[in-house]
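# Descriptive structure summary
The lines below spell out each chain.
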Amino acid sequence: MIPLSWYMILAAILFSIGTYGFLVRRNIIIMFLSIELMLNAVNLNLIAMSHYLECLRGHTFTLFIITVAAAEAAIGLGLVIVLFRNKKTVYVDHIKELKG
Amino acid sequence: MNMPFTMPPLGPIMPEILLVCIGLILIIVDLLYPRNRELLSQLTLLACIGLIALLFNQKPASTFGNMFIVDPYSIFFKVICLLGLLMTTLMSGQYLTIEKIRHGEYYSLMTFSVVGMMIMASAADLIVIYLGLELMALSVYCLVGLLKDDFRSNEAAVKYFLMGGFSSAILLFGISLLYGMTGTTDLAGIAKYCSEAGIMKNPALLTGFALVLSGFCFKVGAAPFHFWTPDIYQGAPTSMTAFMSVAPKAAGFAVFGRFLMTGFPELHEQWGTIIAVIALLSMGVGNIVALSQTNIKRMLAYSSIAHAGYALLGLLAGTSEGYSATMTYLFIYGFMNMGAFAIVILLCSAGNRRESLEDYKGLAKSNPMAALLMLIFMFSLTGIPPTAGFIGKFYLLKAALAAGYTYTVICAVIFSAISAYFYLRLVRYMYMDDPQEEFVAQYSPGLTAALALSTIGVIGMGILPGSFLNLAARSLIGF
C-alpha cells in the first residue's frame with residue numbers, strides 16, 4: 001500500500017505549483033486555473049487522509065469543495081466576460097485603473 | 001447497508017432558512033413586478049427587522065451534530081450583519097437611482113451573502129465555516145461587479161474574485177492539514193484531540209494552523225494580507241463598499257474568534273504573539289498609507305485595515321473581556337462606518353461621484369447638516385470622546401493591557417494619534433475652506449433614516465456605553 005506521506009507530498013507539490021502559477025502568470029484564466037489546481041491538491045489531501053483515517057468527513061468535505069469550485073468557476077468566468085466586453089484584455093497587467 | 005435517517009432539529013437554523021426563503025421571494029417578486037423597485041427594498045427591510053426580533057428570542061442550542069451552534073456570541077454577530085444589511089438597504093435606494101442600476105438581484109444577492117455570514121457566525125465545524133464563507137464571498141463578488149459598464153467596477157470584481165479564490169485555497173489547505181492531524185473537522189474535537197494527544201508542537205499541525213490564520217486575515221483584511229482592500233473598496237459601488245466594510249468583516253471576526261477560542265485555546269502563547277504582530281502591521285499600514293490618499297473611498301479602505309488591526313487587539317488578549325471588547329467595537333464600527341459611507345452616497349450625484357477629498361472643501365457652507373454628521377463620524381473613527389469610537393477603542397486597549405501586551409498597546413495609541421491627521425484633515429476641508437461649486441445634497445427618506453440610525457448609534461453608545469457593553473459581555477457567558 002502506498003503510504004499516506006506520499007499522497008501528502010504529492011498534494012503539497014501540486015499546491016505549490018498552483019501557488020507559483022497564480023503568483024507568476026498574468027493571464028486571468030491561467031491564474032484561475034492555478035486556483036483550481038490548488039483546490040484539487042486540497043481534495044487529494046482530504047481524500048487520502050479520509051481513507052487513511054477511515055473517517056468519512058474528508059470525503060464529504062471534498063464533495064462540498066468540488067461543488068463550490070463549480071459555482072466559483074461560473075461566477076469567475078462571468079466576471080471575466082463582463083470585463084472583456086469593456087476592455088479587450090485578459091491580462092492583469094492591463095487592468096490597472098485602480099491604484100494609489 | 002441500511003442506516004436510519006433522523007432529521008436534525010431545524011429550530012436553531014430557522015433564521016437562516018427564513019432568510020434564504022426571503023432571498024428567493026425577492027427574485028420572484030422582481031420577476032412579477034419588474035417596475036416596482038421600492039417593493040424589493042421594503043421587503044428586505046421588513047425581513048431584517050423581523051429576523052433581528054426573532055434572533056433575540058432564540059435559545060442557545062445546537063443542531064446537525066454540533067456543526068451549527070446558536071449561542072449568544074453568534075446571535076450578537078448575526079445582529080451586526082443584519083444591521084449592516086438594514087442600513088445598506090436604506091441607503092441603496094438613492095444610490096441605485098443615481099447610478100441607474102436596475103438589477104433586481106441586488107437585494108437577493110445581499111440577502112444570500114448575509115445568510116452566509118450568519119452561517120459563519122454559528123459554525124462550529126471547519127466544513128460549515130468554509131461553506132458559509134463561500135456563500136458570503138460568491139455573492140459579494142457579483143455585487144462588486146454590479147456596475148457592468150464601469151470598468152473600475154469590473155476590475156474590482158475580478159481582482160476580488162482572484163484574491164478571494166486564492167485565500168480560500170490557502171485556507172482549505174490549512175484545513176486539510178488540521179483534519180489530517182486531528183482526524184476531525186469539529187473545532188471542539190480538534191481542541192480535545194490536541195490536548196489529549198499532546199501534538200501541539202507538531203510542525204504539520206502548526207503549518208495548517210498558520211495557513212488557516214492567513215486565510216482568515218485575508219477575509220478580515222488585516223495586513224500583510226490587506227492589499228486587495230483599497231482597490232476593491234474604490235471600484236465597488238459605494239453602497240456595496242459600505243456593506244463590505246461592515247458585515248463580512250464582522251462575520252470574519254466571528255469565525256476568527258471562535259476558531260481561536262474553541263479550536264486552539266492552548267496555543268494562546270503562540271498565536272497571541274502572531275496576532276499582536278498582525279494587529280500592529282495592520283494599524284501601521286492602514287493609518288500611514290491613508291495619510292497620502294486623495295480619494296475618500298480609498299482613504300476609508302485604509303482606515304478599515306487599521307480598524308481591523310484595532311479589533312484584533314481584543315482577540316489577541318484571549319480573554320472574555322477582550323472578546324467582548326472586539327464585539328462591541330465591531331458593533332460601533334458598523335454604525336460609524338455606515339454613517340461615513342452614507343455621506344459619501346449623499347454627495348454623489350448623476351455624472352459626478354464626488355469621491356475626491358477636494359470635493360469636501362467648504363461642505364459646511366453649502367450643506368451644514370451633512371458636514372456636521374461627517375464631523376461626528378470622523379471624530380468617532382478617530383476615537384474622540386464623547387463618540388462611541390472612543391468607548392470602543394478604550395475597552396480594546398484596556399483588555400490588551402490587562403493581558404500584558406503593553407508595547408502593542410503603546411504602539412496602538414501612537415498609530416491612533418497618527419490617524420487623527422487624515423480624519424481631521426477632512427474636517428478641516430469641510431469647515432475651513434471655501435466651497436468649490438454650488439451643490440445642495442438631496443436627502444431621500446431611506447438615506448435620512450440610515451444617517452439618523454448611525455448618528456443615534458454613535459452618539460448614544462458614546463454617552464451611554466454601559467448597556468451595550470453588558471450585552472456584549474453577556475453574549476460570552478457559557479463560552
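### Thoughts on the environment of B:Tyr141
For B:Tyr141, the position within the fold is in helix 5 (residues 126-144). C-alpha of B:Tyr141 to C-alpha of B:Leu109: the two residues are 32 residues apart in sequence and 9.9 Å apart in space.

### Section: the confidence of the model for chain B
Residue and element names in this part refer to chain B. When the pLDDT values of chain B are averaged, the result is 90; 98% of them are 70 or greater. Across chain B, element-level confidence peaks in helix 5 with a mean pLDDT of 95 and bottoms out in helix 19 (residues 465-474) with 71. As a predicted assembly, this complex carries a pTM of 0.94 together with an ipTM value of 0.96.

### A word on the interface of chain A and chain B
Contacts between the two partners involve 43 residues from chain A, matched on the other side by 45 residues from chain B. Between chain A and chain B, a total of about 3900 Å² is buried, with carbon and sulfur atoms accounting for 79% of that surface. Linking chain A to chain B there are 1 salt bridge. Of the charged contacts in the structure, one is a salt bridge between A:Arg57 and B:Asp125, with a shortest N-O distance of 2.8 Å. Applying the counting rule to chain A against chain B returns 7 residue pairs in polar contact (both at pLDDT 80 or more). If one sorts the elements of the side of chain A that touches chain B by residue count, helix 3 (residues 57-86) of chain A sits on top with 15 residues. For the side of chain A that touches chain B, the residue count by class is 30 nonpolar, 7 polar and 6 charged.

### Observations regarding helix 2 (residues 28-53) of chain A
All names here are of chain A. Across its 26 residues, helix 2 extends 37 Å between first and last C-alpha, which sits within 8% of the 38 Å expected from 1.5 Å per residue. In this structure Asn-27 caps helix 2, since a side-chain oxygen of it lies 2.9 Å from the backbone nitrogen of Ile-29. Following helix 2 by one or two positions, Glu-54 adopts a phi angle in the positive range, close to 50°.

### Let's talk about the environment of B:Val70
Residues and elements named next belong to chain B. Structurally, Val-70 is set in strand 2 (residues 68-70). Accessibility expressed as a relative area gives 1% for Val-70, which makes it buried. Between the C-alpha atoms of Val-70 and Gly-257, which are 187 residues apart in sequence, the distance is 15 Å. The contact partners of Val-70, leaving out residues within four places of it in the chain, are Pro-12, Gln-58, Lys-59, Pro-60, Ala-61, Ile-75, Lys-78 and Ser-122.

Procedures and definitions
- Residues numbered from 1 in each chain as written.
- Chains lettered and ligands numbered in written order.
- Predicted model: local features only at pLDDT ≥ 70, side-chain atom pairs only at ≥ 80, totals over all residues.
- Heavy atoms only, no water.
- Helix = DSSP H or I, 4+ residues; strand = E, 2+ residues; numbered from the N terminus.
- pLDDT = per-residue confidence, 0-100.
- Contact = heavy atoms within 4.5 Å.
- Buried area = accessible area lost by both parts, 1.4 Å probe.
- Salt bridge = Lys/Arg side-chain N within 4 Å of Asp/Glu carboxyl O.
- Polar contact = N/O pair within 3.5 Å; in protein donor to acceptor, adjacent residues only side chain to side chain.
- Nonpolar A, V, L, I, M, F, W, Y, C, P; charged D, E, K, R; others polar.
- Expected span 1.5 Å × (residues − 1).
- Buried < 20%, exposed > 50% of the residue type's maximum accessible area, 1.4 Å probe, protein only.

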